[in-house]
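# Secondary and tertiary structure notes
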2 protein chains.
Amino acid sequence: MSRQDPPNPPAVLTIAGSDSSGGAGIQADLKTFSALQCYGTSVITALTAQNTTGVQGVHPSPPEFVRQQMHSVLSDIDIQAMKTGMLFDAENTRAVVAALKEHYAARPMPPLICDPVCVSTSGHTLLQPDAVEVMISELFPMAALITPNKSEAELVLAHRQLSSKIDNLEDMLRAAKDMLSLGPKAVLLKGGHITSTLEDIERVSSVHPQVKVIKDGLLSENMEILLKNSGQTASDVMVVDVLQEQDNTTLFVRPRIDSTSTHGTGCTLSAALVCELGHGNSLADATRAASRYTHIAIQTASPIGSGNGPLNHLHPIVPRIVPIPTPTDPHPLIRTLISRTQDMWKAYVEHDFVRQLASGTLARESFLHFIKQDYLYLKYYARAYGLLAAKSSTFSSIDAATKTIINIVTEVSMHKAYCAQWGITEDELRATPESPATTAYGAYLLDVGLQGDSARLIMALAACLLGYGEVGLWLMKEAAKPNSWVKLDGNPYLKWIQDYSGKDYQAAVTIGIQTLEALAVADPPSELRFQEWLGVWQECTRLEKGFWDMALGLL
Amino acid sequence: MSRQDPPNPPAVLTIAGSDSSGGAGIQADLKTFSALQCYGTSVITALTAQNTTGVQGVHPSPPEFVRQQMHSVLSDIDIQAMKTGMLFDAENTRAVVAALKEHYAARPMPPLICDPVCVSTSGHTLLQPDAVEVMISELFPMAALITPNKSEAELVLAHRQLSSKIDNLEDMLRAAKDMLSLGPKAVLLKGGHITSTLEDIERVSSVHPQVKVIKDGLLSENMEILLKNSGQTASDVMVVDVLQEQDNTTLFVRPRIDSTSTHGTGCTLSAALVCELGHGNSLADATRAASRYTHIAIQTASPIGSGNGPLNHLHPIVPRIVPIPTPTDPHPLIRTLISRTQDMWKAYVEHDFVRQLASGTLARESFLHFIKQDYLYLKYYARAYGLLAAKSSTFSSIDAATKTIINIVTEVSMHKAYCAQWGITEDELRATPESPATTAYGAYLLDVGLQGDSARLIMALAACLLGYGEVGLWLMKEAAKPNSWVKLDGNPYLKWIQDYSGKDYQAAVTIGIQTLEALAVADPPSELRFQEWLGVWQECTRLEKGFWDMALGLL
């Protein structure tokens, strides 16, 4: 549960058959690799024409072409973990073994998981009888792990004249040890077709006290409230996988599930194991995680096809709502916020108040009304940053919010000097009654700060900071055009334009932009949360426009 | 930006070659399908041994086996959109056409995108010369869209003795119309290899006023603050894709990017188009989204291999941190919170105070100290729910929080009655000084409520609600064992045990559990946000334990 986007996903390899219906084979593997943040490569040993009802045909790859695919991948890409699935025949199995030996003659081989696929669920032969011996004698000894199910283990053990009946947990423990003696570093014997209860498991583990039992996804002690609300009982049917390492035996216990969405379960599990090993996890941790992944994938599958449907490989991912910043789109969050509120944003930035101010035609009383109300608004704005400081969890964010307050207070003292120039005394400023538009906007900021977290408050504060910066740049751009409607020379409001287009204010805008974008990268919002951000941005844009309506209308 | 997990991802199909290195072909398609929440199926027309440096070998599938794969997929799975990529030769192209005609003889065919792959970037022939005519005359007329790049369009147009030079935007407009005359419903002519500037585009669109121009990911008006911070200018080199539909021509404009991570760009774009059509979007919307997806995938790619590396197909997804609830794990959030704080949670639930209380050996003064402090704590707890009401955004959540306050107030009046039984008057209760453990816990709840959003406050309030429920059930479970250490008969604290294990309290616990789980499903937390939740849960568990330490130690 703690994996984050790695900067470089590990490259992994599957050597297996292709399943046209996408539920098993390299298709299941590639989907699993994607869901578990690995870069997937594949060597196809055989094509199958297959769907959820069964295997309709097999077209094996020529052994030479298997070798060639192996070479293309291994000579170019640094593989961190790999698996074999369906190998089909002895020649292709040998081609895989030979290519691995060739490429890893002089360097350590990454962990190889061998899923000894022999027969499809629907009964189709996926490994020719003469290939079984090659797999056992040549491939098993190279494997970090083999992952047989009951029937595959029985087939392999019978092939070697070992005791092959696997009907219960005791049989599984014995079979797993016998399989280990065939050469792999570890064996994961899957118990999907063997019935066990928690009582069976307790009995077996009392007979074999050295066996470790991991009940993952099962409720453990001090979870009575969940037990009561879920209905698990000790006599529920369990599935036990046995992980046999050189010196350790571990049982992985999960509730058995009844589902028809099981097409490709074995492929999916071994592919997930590859990912976990590729991410550098231990075999036991990998087994636990891969088995959990597969278990959820079965339970959350949607019905596809008319037979045994595929798993839901994509359950551990959710859509990223705000795109990753890129060189050509370094500010995707703000670009999206502005795009999604385009009309209102334009009505705010290019407001008649701004146009009249920039052309020098704005009525003096409108401007005075505006700066008096702006003075009152800035008190709310400073307090909102005070609330942001209170909502911070690091000294650096407390510091940033506090410095903004100091900047606002400085701005206010300039404001007072400015007002004095226009003949407004400080007493008059203080005595000015608040316009509803001022109260609405100011109180809304504080309400957002009360209601949400610091991210939401930062969104609310941004519309003012960024909007005034936008107005400043827009006016200077317009002013630069030939015969511009913007009059800078002799404009009584020149200082206002200069302030918001000037270096100091624009530097604050840049920091604001960076803060917002960094926030969306560090804490990618869900769709719901993004909609909240957008709603706040939209409302603040509307309130900004309302503020200028108020100034023009002397409301 | 508004796509959410669909309950049933649309099934889509790629009919193309396999790329062992995973960057192009069906591998790129399947990765794209996964990233864009589609269920992928695939028909393999040819295997390639390929990596980032080039194509080392091609092994075509037998035409009969192409047909068989087509049949397996189309007879079983309800495909919503599909594409063709590398078809390799005339026979395989005909096999695809025949299978499509057979399967869609009596029902409407889902949209087919034909990516006319002819030559690899490295110069390898991926479509035999004699197959070009089959593709044009038989496949194009079935296609909802064909997606040639410059060289593919030139090859096709030359093949039909049409004017084939495509060197600028005007050429592209003409070529797209000529390609449309070959039968497909629409043409997306990709301009990745043709240089344009915004000025070129303005010039062309003034000559052809009916042509629509979509500048996606580019900064538009009222984005001066972003422009200033990104350095885009009108003379930047742009890439223009031309979408030619029957009655509409649309230019899709994006900044050109220099990158060596371009292996499989064409496959990726057409696969993304398939997904967008599969999700039911219009051709223009699909083009915009697919082109954006591909553009970001190029820019965010990690280096893989020694040649032209693959794209980052997985950029639009992030890991799901809290697993989806399943029948066998219906409460993954709370299970995880408890598992991750297991020792502290156990120390809280199975605290000596609880043990002594349940065995009837708890000192009277400890219990009295506890209920007095609990009375004081409940005032904070009720106020925290008041804060939760204030932080709510729907009447139903305001209602839920308020009803909880009423329940707490009722509990308090029982508390007073209870205290009276033990000889504590209401005045004495009120005059009791708060223990530091009480203040710490109570004030922490209100601080969480001040600092975070309602979700974080709900996490903080849950540890108390769920923990007392857990204690109640644990004690009743222990009491039910033979010769239990729990004494119910004659236990002076029996009512306390009965209250917390009783139906009313447990019903509140169930609602609490459901609320928390629903929260994580509706608003999947990022890793950062989940860590905040876990931190709050952990701290509350610690404070709960501290509360009982206080009661036992009379602190």
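Fair warning: this is a prediction, and the values are worked out from it, not measured in the lab.

## Topic: the pairing of strand β1 (residues 11–19) of chain B
Residues and elements named next belong to chain B. The buried count for β1 comes to 9 of 9 residues, which makes it a mostly enclosed element. Where β1 lies against strand β4 (residues 79–84), 5 bridges are found, and the strand directions are parallel. When the bridges of β4 are listed, Ile15 appears paired with Thr84. Where β1 and strand β2 (residues 39–51) come together, 9 bridges link them in parallel fashion. In the sheet register, Ser18 faces β2, and the bridge partner there is Leu47. Handedness of the crossover joining β1 and β2 through helix α1 (residues 25–35) is recorded here as right-handed.

## Focus on the pattern of salt bridges
Enumeration according to the criterion identifies 58 salt bridges over all chains in this entry. Taking the shortest distance from any N to any O, the salt bridge between Glu426 of chain A and Arg430 of chain A comes out at 2.7 Å. Highlighted residues: Glu426 of chain A and Arg430 of chain A, both in helix α16 (residues 426–431), separated by 4 residues, approximately one helical turn. Notably, a salt bridge pairs Glu224 of chain B with Lys477 of chain A, separated by 2.9 Å at the nearest N-O pair. Of this pair, Glu224 of chain B sits in helix α8 (residues 224–230) while Lys477 of chain A sits in helix α18 (residues 454–480), each in a different chain. Note on Glu224 of chain B: relative accessible area 12%, which makes it buried. Because the salt bridges share partners, they merge into one network encompassing Lys150, Glu154, Lys165, Asp167, Asp171, Arg174 and Asp178 of chain A.

## Here's the deal with the UniProt feature "domain: Pyridoxamine kinase/Phosphomethylpyrimidine kinase" (unreviewed entry) in chain A
Taking the numbering used here, the UniProt-annotated feature "domain: Pyridoxamine kinase/Phosphomethylpyrimidine kinase" (unreviewed entry) corresponds to residues 19–197 and 211–312 of chain A. Secondary structure over residues 19–197 of chain A splits into 39% helix and 21% strand, and the C-alpha atoms at its two ends are 34 Å apart.

## Looking at the nonpolar core
Residues Phe367, Phe370, Tyr381, Leu466 and Trp496 of chain A are the most contacted members of the largest nonpolar core, which totals 86 residues. Ignoring sequence-local partners within four residues, the contact set of Phe367 of chain A consists of Phe353, Leu357, Leu362, Tyr418, Trp422, Tyr493 and Trp496 of chain A.

## Quick notes on the pairing of strand β11 (residues 249–255) of chain A
Residue and element names in this part refer to chain A. The buried count for β11 comes to 7 of 7 residues, which makes it a mostly enclosed element. The alternating pattern of β11 places Thr249, Leu251, Val253 and Pro255 and Thr250, Phe252 and Arg254 on opposite faces, both of which are buried. Across 4 bridges, the pairing between strand β9 (residues 212–215) and β11 is parallel. From the neighbouring strand, Lys215 faces β11, where its bridge partner is Val253. From the end of strand β10 (residues 237–245) to the start of β11, which pair antiparallel, there are 3 residues.

## Section: the environment of Thr14 of chain B
Residue and element names in this part refer to chain B. Position of Thr14 among the secondary structure elements: in strand β1. Counting along the chain gives 302 residues from Thr14 to Pro316, while the straight-line C-alpha distance between them is 20 Å. In contact with Thr14, not counting residues within four places along its chain, are Ile26, Asp29, Phe33, Thr41, Ser42, Val43 and Lys83. Within polar-contact distance, the side chain of Thr14 engages the side chain of Asp29 at 2.6 Å.

Definitions and limits used
Residues numbered from 1 in each chain as written. Chains lettered and ligands numbered in written order. Predicted model: local features only at pLDDT ≥ 70, side-chain atom pairs only at ≥ 80, totals over all residues. Heavy atoms only, no water. Buried < 20%, exposed > 50% of the residue type's maximum accessible area, 1.4 Å probe, protein only. Helix = DSSP H or I, 4+ residues; strand = E, 2+ residues; numbered from the N terminus. Pairing = 2+ DSSP bridges. Right-handed = clockwise from strand over helix to strand, strands pointing away. Salt bridge = Lys/Arg side-chain N within 4 Å of Asp/Glu carboxyl O. UniProt positions renumbered as here; feature names shortened; annotations may be inferred. Core = buried A, V, L, I, M, F, W, Y, C linked by side-chain atoms within 4.5 Å. Contact = heavy atoms within 4.5 Å. Polar contact = N/O pair within 3.5 Å; in protein donor to acceptor, adjacent residues only side chain to side chain.

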